[in-house]
Amino acid sequence: MKKDPATRIQELEQFGEFGGVNPSITDSSTYTFLGNEEMIKTFEGEAEGCFLYSRHWNPSNKYLADALAAMEETESAWVTASGMAAITCALLQLCNSGDHIITSVTTYGGTYAFLKNYLPKFNIEVSFVDITNLEEVKAAIRPNTKVIYTESITNPLLQVSDIPELSKISKENNIALVVDNTFSPLIVSPKELGADIVVYSMTKFINGKNDCVAGAICGTNEFINSLSSVNDGTAMLLGPVLDPMRSSSILKNLNTLHIRMKQHSKNAIYLAHKFEEIGIKIIYPGLSKHPGHQVLKSFMNEEFGFGGILAIDLETSEKASKIMEKMQEKGIGYLAVSLGYFKTLFSNSGKSTSSEIPEDVQKQMGLSPGLVRFSVGLDNNIEYTFEKIKNVLTELGYL
Ligand code: PLP
């Protein structure tokens, strides 16, 4: 029987040094060697299981990386100090000056800014496409295309990337498919569907506590080893390593991810149906009218639901501001960026997490100025939460 990603994490036996049920935290930046010969071999990458310096590898980070690799069914993983570190290191490792990347135009604003404003420094060209239009993706391929980059469920428009089809295109053309699965851990298993590399902002659902910023890169042994090579590894040389204290706490949170994802999804689909019922324009991939619904259904791990992110369109940013401020006042959640938290968070995407994207491009990609992205929390009584939201909309004359 094929094991689901949460069961793969659960079956890992990761003990502490003295038999603790949680692995011990290795609170050291450097490691002793019994002999100099062993140290030389470790630097040459020949000594298995030896740690040399925590910017390279740390045992606590290895436990978390192993759990993420088990979740994604990749050979290996590496954990970073932020999601952006994971994305930038993976792309800079894959591309050289003169290469070309094809990316979804709807991506997290920071990723967009890196691709659009930063990579030209290195003479790496980027084409921005509608990732749901496979003909447009194919047409963008050039002889120097190295990477197709996308988010499983895109931020903030919640488009669904057809990972199996994108994988076919990338394999036929010898291109690496890199997928950011931040919005849909456990729900989507990109590597199983043909992605070469999976990246995460663990700041979001994986950690789920909004108490830190962290990221991960999951891929083959060869790729992860290349990233951490002492000679030319992007992660090793740029150095955005995760602190082992943090990786230890994230590992504990990863073990409850399946319960949280189910609750986020259950609450989000409830709200999505209710918003639909009262006539608010809503984007949620769990609704049958969503253009990516059938595609997502065809490859998702259904037991985890359609995810905790939805977006409603309140037409103008002024209306969005008033409603968000009132919702915060009424205790519905927080007016804050980020996502995957136990409380509901909402923000006006065009003026916050997608503000790096110029207004004309926002318009072109269909990002309404009044779009409010909700990261739906773990509320125990979502019916009560919805009543409060409805009261706010009524009070402000929106219903
Ligand atoms: N990827 C996605 C989809 C995101 O939403 C974000 C942040 O909002 C990131 C990556 C960047 O992650 P971090 O803030 O951990 O660097």
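Residues numbered from 1 in each chain as written. Predicted model: local features only at pLDDT ≥ 70, side-chain atom pairs only at ≥ 80, totals over all residues. Heavy atoms only, no water.

### A closer look at unusual backbone geometry
Note the following rule: The way it works is that DSSP assigns letters per residue, a run of H or I at least four long becomes a helix, a run of E at least two long becomes a strand, and they are numbered from the N terminus.
Residues Asn-155 and Pro-156 are joined by a peptide bond in cis, for which omega reads 0°. Within the element layout of this structure, Pro-156 appears in the loop between β4 (145-151) and α7 (163-172). A positive phi is found at Leu-158, a non-glycine position, where the angle reads about 60°. Mapped onto the secondary structure, Leu-158 falls in the loop between β4 and α7.

### Some words on the site of the ligand
Under the convention used in this document: One heavy atom within 4 Å of a molecule or strand makes the whole residue count as near it. Polar contacts here mean pairs of N or O atoms no more than 3.5 Å apart (in protein, one a potential hydrogen donor and the other a potential acceptor; neighbouring residues in sequence count only if both atoms are side-chain atoms). We get accessible surface area from the Shrake-Rupley algorithm with a probe of 1.4 Å; when it comes to residues, only the shown protein chains can shield them. Cavities and pockets were defined on a 1 Å grid built over protein atoms only: a cavity is a set of grid points that admits a 1.4 Å probe from which the probe cannot escape, a pocket is an open set flanked by protein on both sides within 12 Å along at least five of seven lines, and lining residues are those with an atom within 4 Å of any such point. To decide whether a molecule occupies a pocket or cavity, check its atoms: if more than half lie within 2 Å of the grid points, it is inside.
Looking at the ligand, there are 15 residues lining it, with Met-84, Asp-180, Ser-201, Thr-203 and Lys-204 nearest. Met-84 has a polar backbone atom sitting 2.8 Å from an oxygen atom of the ligand. The separation between an oxygen atom of the ligand and a polar side-chain atom of Lys-204 is 2.6 Å. Within the complex, 91% of the 390 Å² of free accessible area of the ligand lies under protein. Applying the majority rule of atoms within 2 Å of the grid points places the ligand in the second largest pocket. In terms of residue count, helix α4 (residues 83-94) provides more of the shell around the ligand than any other element does, three residues in total.

### Things to note about the side chain of Thr-150
Here is the rule: Three exposure classes are used, based on accessible area relative to the maximum for each residue type with a 1.4 Å probe and protein chains only: buried under 20%, partly exposed in between, and exposed over 50%. Note on contacts: a residue pair is in contact if any heavy atoms of the two residues lie within 4.5 Å.
Checked against the element boundaries, Thr-150 lands in strand β4. Its relative accessible area of 0% is what places Thr-150 among the buried residues. A polar atom in the side chain of Thr-150 sits 2.7 Å from the side chain of Ser-161. When near neighbours in sequence (up to four residues on either side) are disregarded, Thr-150 contacts Ser-104, Ile-131, Ser-161, Leu-166, Val-178, Val-179 and Asp-180.

### Here we look at empty space enclosed by the protein
Put simply, the rule reads: Grid points are joined across faces, edges and corners, and a volume is the space filled by probe spheres set on the points. Any residue outside Ala, Val, Leu, Ile, Met, Phe, Trp, Tyr, Cys, Pro, Asp, Glu, Lys and Arg is labelled polar, Gly included; the first ten of those are nonpolar and the last four are charged. Domain start and end points were adopted from an automatic or database domain assignment.
Going through the model one piece at a time under the given rule, you end up with one cavity of 30 Å³ or more. Of the pockets and cavities examined, the largest cavity occupies roughly 30 Å³. For the largest cavity, the full set of lining residues is Ile-153, Leu-158, Phe-183, Pro-285, Phe-306, Gly-307, Gly-308 and Ile-309. Here the lining of the largest cavity is built from residues that sort into six nonpolar, two polar and no charged. Taken together, domain 1 (5-254) and domain 2 (258-395) each give at least three residues to the lining of the largest cavity, which thus spans both.

### Quick word on the domain arrangement of the chain
Quick note on the threshold: A quick way to say it: buried area is the sum, across both parts, of accessible area lost when two parts are put together, with a 1.4 Å probe. Salt-bridge detection follows one rule: a side-chain nitrogen of Lys or Arg within 4 Å of a carboxyl oxygen of Asp or Glu.
Each assigned domain of the chain is listed with its residue range as follows: domain 1 (5-254) and domain 2 (258-395). Taken over C-alpha atoms, the centre of domain 1 sits 27 Å from the centre of domain 2. In this complex, domain 1 contributes 37 residues to the contact, which on the side of domain 2 involves 40 residues. At the boundary of domain 1 with domain 2, total buried surface from both sides reaches about 3,100 Å², with 70% on carbon and sulfur atoms. At the surface where domain 1 touches domain 2, the tally comes to zero salt bridges. Between the two partners, domain 1 and domain 2, sit nine residue pairs in polar contact (both at pLDDT 80 or more). Sorting the residues of the side of domain 1 that touches domain 2 by element identifies α1 (5-10), α5 (109-118), α7 and α10 (244-254) as the ones contributing at least two each. Here the side of domain 1 that touches domain 2 takes four residues from α5, the largest share from any one element. Of the residues assigned to the side of domain 1 that touches domain 2, the class counts are 22 nonpolar, 12 polar and three charged.

### Points about the layout of surface pockets
If you add up the space inside the largest pocket, you get close to 630 Å³. Among the elements of the structure, α2 (36-43), α3 (59-72), β1 (76-80) and α8 (221-227) are those that each provide at least two residues to the lining of the largest pocket. Of the volumes computed, that of the second largest pocket is approximately 330 Å³. Considering every element that reaches the lining of the second largest pocket, the biggest residue donor is α4, with three residues.

### Focus on the packing of aromatic side chains
Basically, it comes down to this: Pairing of aromatic rings covers Phe, Tyr and the six-membered ring of Trp, with a centre-to-centre limit of 6.5 Å; geometry is then stacked below 30 degrees between planes, edge-to-face above 60, and tilted otherwise.
As enumerated under the stated definition, the model contains nine aromatic pairs in all. Between the aromatic rings of Tyr-341 and Phe-342, the centroid separation amounts to 4.3 Å while the plane-to-plane angle is 35°, which identifies the pairing as tilted. On the basis of relative accessible area, Tyr-341 is assigned to the buried category, the value being 14%. The interplanar angle of 50° and the centroid separation of 5.7 Å between the aromatic rings of Phe-346 and Phe-374 together place this pair among those described as tilted. Of this pair, Phe-346 sits in strand β11 (residues 345-348) while Phe-374 sits in strand β12 (residues 371-375); the two residues are 28 residues apart in sequence, bridging distant segments of the chain. We classify Phe-346 as buried; its relative accessible area is 0%.

### As for the sheet that holds β4
To be explicit about the condition: Between any two strands, pairing holds if DSSP finds at least two bridges. Axis definition: a line fit to C-alpha positions, over the contact stretch in the case of helices; interaxial angles, taken between N-to-C directions, run 0 to 180 degrees.
With mixed pairing, seven strands are arranged side by side in an open sheet as β1-β7-β6-β5-β4-β2-β3. Both edges of this open sheet fall to β1 and β3 (125-129), since each of them pairs with a single strand only. Sheet twist, expressed as the average angle between the axes of neighbouring strands with direction ignored, equals 20°. Here three bridges tie strand β5 (residues 176-180) to strand β6 (residues 197-201), and the two strands are oriented parallel to one another.

### Considering the pairing of strand β7 (residues 215-219)
Within β7, five of the five residues are buried, which leaves it mostly tucked inside the rest of the structure. Where burial is concerned, the two faces of β7 agree: the one with Gly-215, Ile-217 and Gly-219 and the one with Ala-216 and Cys-218 are both buried. Summarising the sheet, β1 and β7 pair through five bridges and their orientation is antiparallel. Residue Trp-78 lies in a different strand from β7, and its bridge partner there is Ile-217. The pairing of β6 with β7 spans four bridges and is antiparallel. Note on β7: the bridge partner recorded for Tyr-200 is Ala-216.

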